[in-house]
Amino acid sequence: MSEASEVQKTNVDPAIEEGSLSVAQMVAVAKKLRRHIITMTGKAGSGHPGGSLSAVEIVTALYFKVLRHNPDDPRWPDRDRFILSKGHAAPLLYAVLAESDYFPVEELLTLRQVDSCLQGHTDCRLTPGVEMSAGSLGQGLSFSIGVALAGRLNAQSYRVYVLLGDGESDEGQVWEAAMAAAHYKLDNLVAIVDNNGQQIDGWNRDVMNLDPFNKKWQAFGWHVIEVDGHDLNQLVNAFEQAKSIKAQPTVIIAHTTKGKGVSFMENNLDFHGKAPNAAQVEMALKELE
Ligand SMILES: Cc1ncc(C[n+]2csc(CCOP(=O)(O)OP(=O)(O)O)c2C)c(N)n1
Ligand SMILES: [Mg+2]
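Residues numbered from 1 in each chain as written. Chains lettered and ligands numbered in written order. Predicted model: local features only at pLDDT ≥ 70, side-chain atom pairs only at ≥ 80, totals over all residues. Heavy atoms only, no water.

(A) A look at the overall build of the protein chain. Looking only at helices and strands, the protein chain has eleven helices and seven strands in total. The C-alpha radius of gyration computed for the protein chain amounts to 18 Å, which stays within 12% of the reference 19 Å derived for 289 residues, consistent with globular compactness. Counting only C-alpha atoms, the protein chain reaches 50 × 45 × 35 Å along its principal axes. For the protein chain, the proportion of contacts with a sequence separation of at least 24, taken over those separated by at least 6, is 76%. When the accessible area of the protein chain is evaluated, it comes to approximately 11,800 Å², of which 52% is carbon and sulfur surface. Placing the 26 positive and 36 negative side-chain charges of the protein chain at their respective mean positions leaves the two points 2 Å apart. (Helix = DSSP H or I, 4+ residues; strand = E, 2+ residues; numbered from the N terminus. Rg over C-alpha atoms; globule rule 2.2 N^0.38 Å. Contact = heavy atoms within 4.5 Å. Areas by Shrake-Rupley, 256 points an atom, 1.4 Å probe, with all protein chains shown as cover. Lys, Arg positive; Asp, Glu negative; His and termini not counted. Charge placed at Lys NZ, Arg CZ, Asp CG, Glu CD.)

This is the structure we're talking about:
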């Protein structure tokens, strides 16, 4: 069991704060996740490293500080839910689940193999800890609204966190869902947008300009927080602030860099959906020592 996961299991009881990771420890976890993303996509020879690397701090803050969850009991009814809407960032989710002890870290090297529980896009029937099968963009916020409404109906105290891509936010379904979440005053729902500025084939400002992004969310009735998505302190504070917002859903717009942490991948569209080759894996891991 990793040091991080020992601590995180204590988060099952939110009253126990001593066990929680320090920011320095979370920085170390984030580096491990980046190394996993590189090695698993490199070994698979395919996958989506860019949009996985950009959201590393977001999931690190969630799994090691914010979420109430129990890797020994992935279906614990009162667990907070983390829903990955941008399902192509599966390597990111697999890395953080493995580091949290949902399954052995060695499993990561089976990414995308036939019969592996770690397919190229997430499948909730195969992978412990995966809440929603994804890959077709635009659906996760709608799904999350259902989960948040169910929690309210059943008087359960869990919270729902959903990670969207900025390119994904071109989907009309995202805005139908945004409207519905505000209509139902879902204050147990937090959306995080990995605002890395790029999508599959270009910069969002060229493909489909989202600006003014924050004002759009505000106009749809959401409480909006903007953070540096690589700053763990800012992320943790934003998640804390969201807990105090009543009768409104919260969106955290996390400004990030696609490919973050590996110099030749940063803002490089080539690595949206292409794995590093063996030499690039070596270079990347050197940078992440
Ligand atoms: C409905 C749908 N349309 C198109 C695609 C193909 N696709 C996969 S990733 C992607 C770009 C997504 O961009 P973004 O949400 O910004 O992801 P990130 O930059 O975080 O990788 C697209 C268009 C898809 N998976 N689903
Ligand atoms: Mg993007």
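(B) Structural detail: unusual backbone geometry. Backbone torsion omega between Asp 211 and Pro 212 reads -5°, so that peptide bond is classified as cis. Its identity is not glycine, yet Arg 112 carries a phi of approximately 70°, on the positive side. Mapped onto the elements, Arg 112 comes out in the loop between α5 (90-99) and α6 (140-153). With a phi close to 50°, Lys 185 is a non-glycine residue in the positive phi region. One can find Lys 185 in the loop between α7 (172-183) and β3 (189-195).

(C) Quick peek at the site of ligand 1. Close to ligand 1 lie 18 residues; Lys 86, His 88, Gly 135, Asp 166 and Lys 258 are nearest. Between His 88 and ligand 1, the recorded distance is 2.8 Å, taken from a side-chain N or O atom to an oxygen atom. At 2.7 Å from an oxygen atom of ligand 1 is found a side-chain nitrogen or oxygen belonging to Asp 166. Taken by itself ligand 1 offers 590 Å² of open surface, and the protein chains cover 79% of this. A breakdown of the residues in the shell around ligand 1 according to their chemical character gives two nonpolar, ten polar and six charged. (Near = heavy atom within 4 Å. Polar contact = N/O pair within 3.5 Å; in protein donor to acceptor, adjacent residues only side chain to side chain. Nonpolar A, V, L, I, M, F, W, Y, C, P; charged D, E, K, R; others polar.)

(D) Just helix α10 (residues 232-243), in detail. For α10, which comprises twelve residues, the first-to-last C-alpha distance of 17 Å matches the rise-based estimate of 16 Å (1.5 Å per residue) to within 8%. By the burial criterion, the buried members of α10 are Leu 232, Leu 235, Val 236, Ala 238, Phe 239 and Ala 242. Down the axis of α10, the sector holding all buried residues measures 160°, keeping them to one side. If you follow the buried residues of α10, they end up packed against α2 (23-44), α4 (56-66), β2 (160-165), β3, β6 (223-228) and β7 (250-255). (Expected span 1.5 Å × (residues − 1). Buried < 20%, exposed > 50% of the residue type's maximum accessible area, 1.4 Å probe, protein only. Arc of directions from axis to C-beta.)

(E) Main features of the packing of α4 against α10. Direction vectors running N to C along α4 and α10 enclose 55°, while the axes themselves pass 9 Å from each other. Between α4 and α10, the angle falls in the class oblique. The two elements α4 and α10 meet at a crossing, and its hand is right-handed. When α4 is examined against α10, the residues Glu 57, Ile 58, Thr 60, Ala 61, Leu 62, Lys 65 and Val 66 are found in contact with a partner set consisting of Leu 232, Leu 235, Val 236 and Phe 239. Here the residues of the contact of α4 with α10 are counted per class, giving eight nonpolar, one polar and two charged. (Axes fitted to C-alpha atoms, helices over the stretch in contact; angles between N-to-C directions. Parallel < 35°, antiparallel > 145°, perpendicular 65-115°, else oblique. Left-handed = near helix turned anticlockwise from the far one by under 90°.)

(F) Broad picture of the pattern of salt bridges. Here the structure, examined in full by the defined rule, presents seven salt bridges. Across the pair Arg 34 and Glu 57 runs a salt bridge, and its minimum N-O distance is 2.8 Å. Note that Arg 34 is positioned in helix α2 and Glu 57 in helix α4, a separation of 23 residues in sequence. For the pair Arg 34 and Glu 57, one class covers both residues: buried. For Glu 131, the salt bridge goes to Arg 75, with nearest N and O atoms at 3.9 Å. In this pair, Glu 131 is assigned in the loop between α5 and α6 and Arg 75 in the loop between α4 and β1 (81-84), connecting sequence segments 56 residues apart. (Salt bridge = Lys/Arg side-chain N within 4 Å of Asp/Glu carboxyl O.)

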